[in-house]
Amino acid sequence: MSATIALVDDDRNILTSVSIALQAEGYITRVYSDPEAALKALLENPADLGVFDIKMPKMDGIELLRRLREKSQMPTIFLTSKTDELDEALGLAMGADDYIAKPFSQRLLIARIRAILRRAEYARAPDSEPSEPAVEPIVRGRLEMDPARHRVKWAGNDVTLTVTEFLILETLAQRPGVVKNRNQLMDAAYQDDVYVDDRTIDSHIKRLRRKFREVDTDFNAIDTLYGAGYRFSEE
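This structure is a prediction, so every number in the text was calculated from the model and none was measured. (Residues numbered from 1 in each chain as written. Predicted model: local features only at pLDDT ≥ 70, side-chain atom pairs only at ≥ 80, totals over all residues. Heavy atoms only, no water.)

Trainee: Would you take a moment to explain helix α6 (residues 163–174) for this structure?
Mentor: The end-to-end C-alpha distance of α6, which contains 12 residues, comes to 16 Å, matching closely the 16 Å that a straight helix rising 1.5 Å per residue would cover. Burial within α6 is extensive, with 11 of its 12 residues counted as buried. Taken residue by residue, α6 has V163, T164, E165, F166, L167, I168, L169, E170, T171, L172 and A173 as its buried positions. (Helix = DSSP H or I, 4+ residues; strand = E, 2+ residues; numbered from the N terminus. Expected span 1.5 Å × (residues − 1). Buried < 20%, exposed > 50% of the residue type's maximum accessible area, 1.4 Å probe, protein only.)

Spelled out as structure tokens, the structure:
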């Protein structure tokens, strides 16, 4: 059965182009240019995943997600042209699954949607076997990563990561002690022809550290090597 994707953006050109691209991939789309109308419709009939702009009149994407979260755990991706880290942090704190800045690659968006829907499917049926070839879990000291089910634990505690954060951490953890520069991390997290600057990777690393320190205040497994990049230090 095809998944239903709800698109909420006051830019009708984006709604049209993204909707066409998703339909070409076999998804069913529901489009809304008015966030208040989207809220009413999605509370009555949730979609499988939502793609929300943040900067919208009447109600921004963060408020839309906050009100949806009162009754629904529908997976959500934010699309935004805003670069304010506070807005990004607020969106993720509200439970957004990922965050993609405009202008964006539609192939990147589709890849993120597939990954999040797959993760949601495993969450609904945690004991089911993945339909794709098995991917070996990664265990590095107190870190446990299950790429097939997008699960992360640190010292036995669950850590919730976005798809992008997971891919960056996976790249670092696959080869502990090996320095990965920003270009290598960009290639891992953004597997398409899409431009992201150094600050984007730095922001993801900063959020990764913050999330792990929420479960372990002494977390220091991600090292910065100034002028070179980052590495994962296995204890």
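Structure shown, so let's carry the discussion forward.
Trainee: Help me out: how do you make sense of the sheet that holds strand β2 (residues 28–32) in this one?
Mentor: Adjacent strands of a sheet form backbone hydrogen bonds with each other and so pair up, either parallel or antiparallel. The strand order β2-β1-β3-β4-β5 describes an open sheet built from 5 strands, whose pairing is parallel. With one partner strand each, in any of the chains shown, β2 and β5 (98–101) form the two edges of the open sheet. Here the strands of the sheet are splayed against their neighbours by 20 degrees on average, with no regard to which way each runs. Of the strands in this sheet, β1 (4–8), β2 and β3 (49–53) touch helix α2 (residues 35–44), which is tilted by about 135 degrees from β2. (Pairing = 2+ DSSP bridges. Axes fitted to C-alpha atoms, helices over the stretch in contact; angles between N-to-C directions. Contact = heavy atoms within 4.5 Å.)

Trainee: Looking at this structure, I do not really get the UniProt feature "modified residue: 4-aspartylphosphate" (unreviewed entry) in the chain. What am I missing?
Mentor: According to UniProt, the "modified residue: 4-aspartylphosphate" (unreviewed entry) feature falls on D53. Structurally, D53 can be placed in strand β3. Accessibility expressed as a relative area gives 4% for D53, which makes it buried. Setting aside anything within four residues of it in sequence, one finds D53 in contact with V8, D9, D10, G61, L79, T80 and K102. (UniProt positions renumbered as here; feature names shortened; annotations may be inferred.)

Trainee: Help me understand the packing of α6 against helix α7 (residues 182–189) in this model?
Mentor: Two numbers describe a pair of packed helices, the interaxial angle and the distance between the axes. The contact between α6 and α7 brings their axes to 8 Å, and the two run at 130 degrees. One element, α6, and the other, α7, form an angle in the oblique class. α6 and α7 meet at a crossing whose hand is right-handed. Packed against α6, whose contacting residues are T164, L167, I168, T171 and L172, the element α7 presents L185, A188 and A189 at the interface. The class makeup of the residues in the contact of α6 with α7 is 6 nonpolar, 2 polar and no charged. (Parallel < 35°, antiparallel > 145°, perpendicular 65-115°, else oblique. Left-handed = near helix turned anticlockwise from the far one by under 90°. Nonpolar A, V, L, I, M, F, W, Y, C, P; charged D, E, K, R; others polar.)

Trainee: Explanation requested: the pairing of strand β7 (residues 143–146) in the structure shown.
Mentor: Within a regular strand, side chains alternate between the sheet's two faces. Sheet topology places strand β6 (residues 138–140) next to β7; 3 bridges connect them, and they run antiparallel. Directly across from V139, in β7, lies its bridge partner E144. Counting the residues between successive antiparallel strands, the hairpin from β6 to β7 contains 2 residues, one of them, G141, with a positive phi of roughly 60 degrees. One ladder, built from 4 bridges, connects β7 with strand β8 (residues 151–154); its direction is antiparallel. Residue pairing in the sheet places D146 in a bridge with R151 of β8.

Trainee: In this structure, what is going on with unusual backbone geometry? I would like to understand it.
Mentor: Outside of glycine, negative phi angles account for most residues, and trans bonds account for most peptide bonds. The phi dihedral of K58 falls on the positive side, at around 70 degrees, and the residue is not glycine. With respect to the element layout, K58 can be found in the loop between β3 and α3 (61–68). K58 gets classed as exposed once you look at its relative accessible area, which sits at 65%. Backbone geometry at A155 places phi at a positive 55 degrees, although glycine is not the residue there. Relative accessible area serves as the criterion here: at 44%, A155 is assigned to the partly exposed category.

Trainee: What is the right way to read empty space enclosed by the protein from this model?
Mentor: Here the idea is plain: a probe the size of a water molecule rolls over the atoms and shows the empty space left. Applying the stated criterion across every chain, the model contains 1 cavity of 30 Å³ or more. Surrounding the largest cavity, L7, V8, D9, I14, L15, V18, V51, F52, D53 and L79 form its lining. Among the elements of the structure, β1, α1 (12–24) and β3 are those that each provide at least two residues to the lining of the largest cavity. For the lining of the largest cavity, the class distribution of residues is 8 nonpolar, no polar and 2 charged. (1 Å grid on protein atoms, 1.4 Å probe; cavity = no way out; pocket = protein on both sides within 12 Å on 5 of 7 lines; lining within 4 Å. Points joined across faces, edges and corners; volume = space filled by probe spheres on them.)

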